[in-house]
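# Analysis of the macromolecular model
If you want the building blocks of each chain, they are given just below.
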Amino acid sequence: MTAVAHRFVAGLAALLIAGAATVSPALADQAPTAAAPAASAPPAGAPTADRHAAAKQARFKKLDADRDGVVTRAEFEAGSQMMIKRIADTKPDRVKAFLALPPAEQTARIDGSFARIDANHDGRIDAGEWQSGRAGSIIPRG
């Protein structure tokens, strides 16, 4: 994990330990940009598999920060940090459990999740790997 990520995790830990019930709106997910419009959702009556695939595609586009069609390890880590912030709003105890892990274990969880999706192990996740992969949760379930 980079020094910036360690500082981010330490800062988030301080917020949670201090009893913060929510994360600042400034830390909320950014809306999709014009370069990456939000994927149109299937109609409400669409089969669950279609809605699930569309949601996965939207998450992939959100992770692909430079819009080059692949998610790098750095983009995946940044997305993981955003996920941690989102979960902190609704399940702060799970985030506290993650932040209580040693930094090496936190990194190992992110690395393991990335490796499970990166089927060809080229250090990049393409859209096909993303759709067929399963990352698993980096946050301990409580």
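Residues numbered from 1 in each chain as written. Predicted model: local features only at pLDDT ≥ 70, side-chain atom pairs only at ≥ 80, totals over all residues. Heavy atoms only, no water.

## Some points on the overall build of the protein chain
Short version of the rule: Put simply, DSSP H or I for four residues or longer makes a helix, DSSP E for two residues or longer makes a strand, and each gets a number counted from the N terminus. A simple rule labels every residue: compare its accessible area, found with a 1.4 Å probe on the protein chains alone, to the largest value its type can have, and call it buried under 20%, exposed over 50%, or partly exposed in between. In this description, contact between two residues means that some pair of their heavy atoms is separated by no more than 4.5 Å. Accessibility throughout is a Shrake-Rupley quantity obtained with a 1.4 Å probe, and a residue counts as covered only by protein chains that appear here.
Scanning the protein chain from N- to C-terminus turns up 6 helices and 2 strands. Across the protein chain, helices and strands are ordered from the amino to the carboxyl terminus as α-α-β-α-α-α-β-α. Residues classed as buried in the protein chain amount to 32% of the 142 residues present. Considering only intrachain contacts with a sequence separation of at least 6, the fraction spanning at least 24 residues in the protein chain is 67%. A total of about 8200 Å² of accessible surface is found on the protein chain, and carbon and sulfur atoms cover 61% of it.

## A few points about the packing of helix α3 (residues 73-90) against helix α4 (residues 92-100)
Which entries qualify depends on this criterion: To define axes, lines are fitted to C-alpha atoms, for helices over the stretch in contact only, and angles between the resulting N-to-C directions are given on a 0 to 180 degree scale. In what follows, roughly perpendicular refers to angles from 65 to 115 degrees, roughly parallel to angles under 35, roughly antiparallel to angles over 145, and oblique to any angle outside these ranges.
Axis separation between α3 and α4 bottoms out at 6 Å; the angle between their running directions is 135 degrees. Classified by the angle between their axes, α3 and α4 sit oblique to one another. Along its contact with α3, which presents I84, I87, A88 and T90, the element α4 presents P92, V95 and F98.

## Points about the pattern of salt bridges
Proximity of charged atoms lets side chains of opposite charge pair with each other. Our working rule: By definition here, a salt bridge exists when the distance from a side-chain nitrogen of Lys or Arg to a carboxyl oxygen of Asp or Glu is within 4 Å.
Under the counting rule described, the total for this entry stands at 3 salt bridges. For E77, the salt bridge identified is with R73, shortest N-O distance 3.1 Å. Here E77 pairs with R73, and both are found in helix α3, just 4 residues apart, close to one helical turn. The salt bridge involving D111 is made with R73; its shortest N-O contact spans 2.4 Å. Taken as a pair, D111 in helix α5 (residues 103-117) and R73 in helix α3 lie far apart in primary sequence, 38 residues in all.

## Section: a positive patch on the surface
Defined as follows: Patch definition: residues above 30% relative accessible area lacking any salt bridge, with like charges linked at up to 9 Å and the nonpolar side chains Val, Leu, Ile, Met, Phe, Trp and Tyr linked at up to 5 Å. Asp and Glu are treated as the negative residues and Lys and Arg as the positive ones, with His and the ends of the chain left uncounted. Taken as the charge location is NZ of Lys, CZ of Arg, CG of Asp or CD of Glu.
A cluster of basic side chains, namely K91, R116, R134 and R141, defines a positive patch on the protein surface. Mapped onto the elements, R116 comes out in helix α5.

## What to know about the nonpolar core
The condition that has to hold: Only buried residues count toward a nonpolar core, which is a set of Ala, Val, Leu, Ile, Met, Phe, Trp, Tyr and Cys residues joined through side-chain atoms within 4.5 Å.
In this structure, F76, F98, I125 and W130 are the most contacted members of the largest nonpolar core, which totals 18 residues. Going through the elements one at a time, α2 (48-63), α3, α4 and α5 are the ones with two or more residues in this core. Broken down by element, this core gets its largest block of residues, 4 residues, from α3. With residues near it in sequence (within four places) discarded, F98 still touches I84, Q106, R109, I138, I139 and P140.

## A few points about the environment of G69
Residue placement: G69 occurs in the loop between α2 and β1 (70-72). Here the alpha-carbon distance between G69 and A127, two residues 58 residues apart in the chain, equals 7.0 Å. Contacts of G69, omitting those with residues within four sequence positions, involve F60, D64, I125, D126 and A127.

## Some remarks on α2
Stated formally: Here the expected length of a helix is defined as 1.5 Å per residue gap, with one fewer gap than residues.
Taking 1.5 Å of rise per residue, the 16 residues of α2 would be expected to cover 22 Å, and the 23 Å separating its terminal C-alpha atoms lies within 8% of that figure. All of the buried residues along α2 are A54, K56, F60 and L63. Buried positions along α2 lie against β1, α3, β2 (124-126) and α6 (127-132).

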